Every structure is written in structure tokens, then in C-alpha cells.
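Chain by chain, the residues run as shown.
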Amino acid sequence: MRVIAGTARSLPLKAPEGMDTRPTTDRIKETLFNMIQNDVPGSVFVDMFSGSGGIGIEAISRGARKAYFIENAPKAVSVIAENLTFTKFTDHAIVLKQDACAALSSIFEREVDVIFMDPPYDQEHEKRVLSVLKNMKYVTEDTLIIVESSLETEFPYLEEFGFRLEREKRYKTNKHVFIKRV
């Protein structure tokens, strides 16, 4: 796993040991960032269920002004800190070692530009997070929310929460769902 592009291009990143995290593959990460390349420079980026922090670090490398890393697992938080130090991005990062839903009220921004979440699959974490995000003032009509999920995950509740599906990008084993506030 490495940083794909930007100021930290090609730097290797550590991943937490064990099966608790599934780092997004370099190929899928590259596809994702090609799709959102105009949303990242100068942005406030939130990387939820961060794991290694690879997505948020990629965002900083590509010009995000600030990135929040939300992760609850102690080993993963330690790896995120190591990766931020190695890439020299600690000044652009805020690491919140908290439950994902609880951490959302620890973000003090006027507006967040991109929120990326890669929760454990098929446990409805994304639904719980979206039910909290619907009440956050920093989520505006311009905020892009991206959920990495299993191919089988459906989002029938989006309209009820005040969101709409912008688009979906399917891969072999998972997909990215792009969501915005109505």
C-alpha cells in the first residue's frame, strides 16, 4: 500500500496487522481519487473507519487543507499516527480515537467538503453514521459523502434522511456510493 499521487507520491504506508481492517487497494484508491480529483484540493476531508489512514493521507497528499481520521481500534490509531509522521502530514491531520458516530460531534468546521467512510461490511454502520450526519451543520448541499460497501448493500433510507444518491461505482467485490444532501 502506498500514496498514489501528490506531494507524498509513492511513499509506502503501513497497515494494521490482522483481519480487523481491509485497506482499500491502490487500484480502487486511484479510481476513487480520479473521480473526486476536483473536490480534494483545499478541502476539509473526513476519513471514517480510517484503518491505516490511507484515504485521508491520499487526500492530504493531493492538496486537502485538513483531514480528520476517525478510528476506534488502538492498533489502527497507532498505525495512522506512524503513517502521518512518516508522510510529514501531522500538521494537516486530526485523529479522533472514538466511535464513528460519537466522533462526528467532535468536528468543528463550518463546512466539510468530503466525508469518506469504509465501515465493516453488512453491519449497517453506514446507516447509523448517515442518521447522525443528517443533523450536522457542517454537512451542506455541497458536501460529498462516499461510502465504500459490499455490492449487496442497499441504501433505501437515503431520502428519509434527507440525502440523495449521486452515483455508484461498482468494482469486482465492492462499490463506492456517492451521496449528497437534498
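What counts as what
Residues numbered from 1 in each chain as written. Predicted model: local features only at pLDDT ≥ 70, side-chain atom pairs only at ≥ 80, totals over all residues. Heavy atoms only, no water. Pairing = 2+ DSSP bridges. Helix = DSSP H or I, 4+ residues; strand = E, 2+ residues; numbered from the N terminus. Axes fitted to C-alpha atoms, helices over the stretch in contact; angles between N-to-C directions. Contact = heavy atoms within 4.5 Å. Phe/Tyr/Trp six-rings, centres within 6.5 Å; stacked < 30°, edge-to-face > 60°. Buried < 20%, exposed > 50% of the residue type's maximum accessible area, 1.4 Å probe, protein only. Lys NZ or Arg CZ within 6 Å of the ring centre and 35° of its normal. Right-handed = clockwise from strand over helix to strand, strands pointing away. 1 Å grid on protein atoms, 1.4 Å probe; cavity = no way out; pocket = protein on both sides within 12 Å on 5 of 7 lines; lining within 4 Å. Points joined across faces, edges and corners; volume = space filled by probe spheres on them. Nonpolar A, V, L, I, M, F, W, Y, C, P; charged D, E, K, R; others polar.

Turning our attention to the sheet that holds strand 3 (residues 93-97). Ordered by their spatial adjacency, seven strands build an open sheet running 3-2-1-4-5-7-6, and the pairing between neighbours is mixed. The open sheet is flanked by strand 3 and strand 6 (163-170), the only strands paired with a single partner. Within this sheet the neighbouring strands show an average axis-to-axis angle of 15°, counted without direction. Bridge count for strand 1 (residues 44-48) against strand 4 (residues 114-117) is four bridges, and the pairing is parallel. Paired with D47 across the two strands is F116, which belongs to strand 4. Against the sheet, helix 5 (residues 125-133) makes contact with strand 1, strand 4, strand 5 (144-150), strand 6 and strand 7 (174-181), and its axis sits at roughly 155° relative to strand 4, the strand it touches most.

Quick look at the packing of aromatic side chains now. The tally for this structure, following the rule as stated, stands at three aromatic pairs. Here the aromatic rings of Y157 and F161 are separated by 5.2 Å at their centres, their planes lie at 45°, and the arrangement is tilted. A residue is classified by how much of its surface remains accessible, and F161, at 10% relative accessible area, is buried. Here a set of aromatic residues connected by ring pairs shows up, and it is made of F155, Y157 and F161. R167 extends its terminal NZ or CZ atom over the ring of F178, reaching a point 5.3 Å from the ring centre.

The buried count for strand 2 (residues 66-71) comes to five of six residues, which makes it a mostly enclosed element. Sheet topology note: the strand 1/strand 2 ladder contains five bridges and is parallel. Bridged to V44 within strand 2 is K66. Handedness of the crossover joining strand 1 and strand 2 through helix 2 (residues 54-61) is recorded here as right-handed. One ladder, built from five bridges, connects strand 2 with strand 3; its direction is parallel. Its bridge partner being in strand 3, Y68 is matched across the sheet by I94.

Turning next to the environment of C101. With respect to the helices, strands and loops of the structure, C101 is situated in helix 4 (residues 100-103). Between the C-alpha atom of C101 and that of A15, which follows or precedes it by 86 residues, the distance is 23 Å. Leaving out residues up to four positions away in the same chain, C101 has contacts with R128, V129 and V132.

By the secondary structure assignment, K66 is in strand 2. Separated by 21 residues in the primary sequence, K66 and F45 have C-alpha atoms spaced 6.2 Å apart. In this structure K66 touches S43, V44, F45, H92, I94 and E109, once residues within four positions along its chain are discounted.

A word on the layout of surface pockets. Space inside the largest pocket adds up to approximately 530 Å³. Along the wall of the largest pocket there are 30 residues; nearest its centre are F49, S50, E71, D118 and P120. Within the residue set of the lining of the largest pocket, elements represented by two or more residues are helix 2, strand 2, helix 4 and helix 5. When residues of the lining of the largest pocket are assigned to their parent elements, the largest contribution, three residues, is made by helix 5. Grouping the amino acids of the lining of the largest pocket by side-chain chemistry returns 13 nonpolar, nine polar and eight charged.

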